[in-house]
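Residue-level structural notes
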Amino acid sequence: MTTRVLFVGGLGRSGTTLIERVLGELPGVCALGEIVHLWQRDLRDDERCGCGERFSGCDFWQRVGIAAFGGWHRVDVHRILALRDLVERTRHIPRLAGSSRLAKDFTALVTEYADYYARIYAAAAEVSGARVVIDSSKHSALAHCLRWSDAVDLRVLHVVRDARGVAYSWTKTVARPETDGAEEMTRYAPTRSALLWNAHNAAFGLLRRRGVAVRRVRYEEFLARPRNSVQRIAAFMGLDPSVMDLGFVSGDAVELSLGHSAAGNPMRFTVGRIELRRDDAWRRQLPPRQRALVGAVCAPLLRAYGYPLSSTAEIVGAHR
């Protein structure tokens, strides 16, 4: 039996957490956060779940652990992190995306690694009663690993945001509330984030060419037409949006309930009404030289995704 999984992918600071939270309000859907970080941040460091409890004190995740492994104490975190270092790396994507079978020894490592995720997905679906689970891990290399799992019905939502907005966001200082203020989120210089933006987004294009169901959505478009976007994505997940109550999406705002995101952006802790507004501060705050540099480095994909190269022009196009 396979578990239907919507993998939300893209470079961080592209709006993936908000989109996952909104989709998690749909009936029959369970949003899990960034499972790629569960092993280290939750199992090892016992950080806070989206519900506010420590991972070890969250009833939902404890039930998932029992259903998946007979309890989290039976999981060898060091083994999983070692596997991650061996197979889930950007440099391995050409190998993982190849059209032929992988080498036998590498196949064994990839399938073992993907199996840990598959077991969590299946357990979360069982515990929550959901038809679809969402993993917003974002990492393109992980998505490529998951495509080799026979236990995962993989569908990828490729979220893109204007590279210049992403670059500006990565320069901000953002605290990680799950560490009770002890740590901050990673920061990147604009040049570094531009290179990462190109690499990660191109990698999701490879998935599509390998037969994985991939749907691209621009963050700016999601904010402009949230109800329409949710309906389209629900249909992509195999759900029938015509029979769903979308009352949690009203105009330019959404109502979010308490969730159990294992890891991710600090907004995973937000509950209640959130207004959906585009953050175009990068147009004013990102220095012109850096803005131009990011635009030049990312120009081919910006153009392919319908973004104007001029920072004063409006976005054109629709869902693709």
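Above this text is the structure in question.
What comes next is a walk through the structure.

What counts and how
Residues numbered from 1 in each chain as written. Predicted model: local features only at pLDDT ≥ 70, side-chain atom pairs only at ≥ 80, totals over all residues. Heavy atoms only, no water. Pairing = 2+ DSSP bridges. Helix = DSSP H or I, 4+ residues; strand = E, 2+ residues; numbered from the N terminus. Axes fitted to C-alpha atoms, helices over the stretch in contact; angles between N-to-C directions. Buried < 20%, exposed > 50% of the residue type's maximum accessible area, 1.4 Å probe, protein only. Parallel < 35°, antiparallel > 145°, perpendicular 65-115°, else oblique. Left-handed = near helix turned anticlockwise from the far one by under 90°. Contact = heavy atoms within 4.5 Å. Nonpolar A, V, L, I, M, F, W, Y, C, P; charged D, E, K, R; others polar. Core = buried A, V, L, I, M, F, W, Y, C linked by side-chain atoms within 4.5 Å. Expected span 1.5 Å × (residues − 1). Polar contact = N/O pair within 3.5 Å; in protein donor to acceptor, adjacent residues only side chain to side chain. 1 Å grid on protein atoms, 1.4 Å probe; cavity = no way out; pocket = protein on both sides within 12 Å on 5 of 7 lines; lining within 4 Å. Points joined across faces, edges and corners; volume = space filled by probe spheres on them.

This part is about the sheet that holds strand 4 (residues 152-160). The sheet built from 5 strands is open, its strands ordered 2-3-1-4-5 with parallel pairing. Strands with a single pairing partner mark the edges of an open sheet, and in this sheet they are strand 2 (29-31) and strand 5 (213-218). Taken over all neighbouring pairs, the strand axes of this sheet differ in orientation by 25° on average, direction set aside. In this structure, strand 2 lies alongside strand 3 (residues 132-138), joined through 3 bridges in parallel fashion. The partner of A31 across the bridge, within strand 3, is I134.

Positioned with a positive phi, D46 is a non-glycine residue whose angle comes to about 55°. Along the chain, the position of D46 falls in the loop between helix 2 (38-44) and helix 3 (59-69). Unlike most non-glycine residues, K138 shows phi in positive territory, near 75°. Topologically, K138 is positioned in strand 3. Look at K138 and you get buried, because its relative accessible area is 11%.

With that out of the way, let us pick up the packing of helix 9 (residues 190-209) against helix 13 (residues 288-297). A pair of packed helices can be characterised by two numbers: the angle between their axes and the separation between those axes. Here helix 9 crosses helix 13 at 20°, and the two axes come no closer than 9 Å. Regarding the angle of helix 9 to helix 13, the classification is roughly parallel. Between helix 9 and helix 13 lies a crossing of right-handed hand. Residues P190, T191, A194, L195 and N198 of helix 9 lie in contact with helix 13, whose contacting residues are Q290, L293, V294 and V297. A class-by-class count of the residues in the contact of helix 9 with helix 13 yields 6 nonpolar, 3 polar and no charged.

Where helix 4 (residues 77-87) contacts helix 6 (residues 104-128), the axes come no closer than 10 Å and their chain directions differ by 130°. For the element pair helix 4 / helix 6, the angle class is oblique. Here helix 4 runs over helix 6; the crossing is left-handed. Contact with helix 4, carried on its side by R79, I80, L83, R84, L86 and V87, involves F106, L109, V110, E112, Y113 and Y116 of helix 6 and no other residues of that element. Of the residues in the contact of helix 4 with helix 6, the class split is 9 nonpolar, no polar and 3 charged.

Generally speaking, a soluble globular protein has its nonpolar side chains buried in company with each other. Of all hydrophobic cores here, the largest spans 53 residues; its most connected members are W39, W61 and W72. Of all elements in the fold, only strand 1 (3-9), helix 2, helix 3, helix 4, helix 6, helix 7 (140-146), strand 4 and helix 9 reach the threshold of two or more residues within this core. Among the elements that take part in this core, helix 6 stands out by supplying 12 residues, more than any other. Each residue touching W72, except ones within four places of it in the same chain, is listed here: L38, W39, L43, F55, W61, Q62, V64, G65 and I120. One finds V8, L26, V132 and V254 within the second-largest nonpolar core, a separate group that totals 32 residues.

Another aspect to go through is helix 6. Every α-helix carries 3.6 residues per turn, so stepping three or four residues along brings you back to the same face. Relative to the 36 Å expected for 25 residues at 1.5 Å per residue, helix 6 spans 36 Å between its end C-alpha atoms, a close match to the ideal helical length. G129 occupies a position one or two residues after helix 6 and carries a positive phi of about 75°.

Across the 7 residues of strand 1, 6 count as buried, placing the element largely inside the fold. Pairing of strand 1 with strand 4 involves 7 bridges; the strand directions are parallel. What sits directly across from L6, in strand 4, is R155. Of the strand pairs in this sheet, strand 1 and strand 3 are connected by 4 bridges, and their pairing is parallel. Across the sheet, residue F7 finds its bridge partner in strand 3, namely D135.

This next bit is on the side chain of N201. Mapped onto the fold, N201 is located in helix 9. One polar contact links the side chain of N201 to the main-chain carbonyl oxygen of W197, over a distance of 2.9 Å. Among all residues touching N201, those that are not within four sequence positions of it are G10, H158, V159, V160, L301 and Y305.

Moving on: the layout of surface pockets. By volume, the largest pocket is sized at about 1,300 Å³. Lining the largest pocket are 48 residues, with G12, R13, K138, W170 and M185 sitting closest to its centre. Taken together, the elements giving at least two residues each to the lining of the largest pocket come down to helix 1 (16-23), helix 2, strand 3, helix 8 (163-170), helix 9, helix 10 (219-224) and strand 8 (272-275). Its residues assigned to classes, the lining of the largest pocket comprises 15 nonpolar, 16 polar and 17 charged. Here the second largest pocket defines a volume of roughly 200 Å³. Taken together, R21, G24, E25, V29, C30, A31, F60, S257, L258, G259, H260 and S261 make up the lining of the second largest pocket. For the lining of the second largest pocket, the element with the most residues is strand 2, which contributes 3 residues.

In short, shape yes, function no, at least from these values alone.
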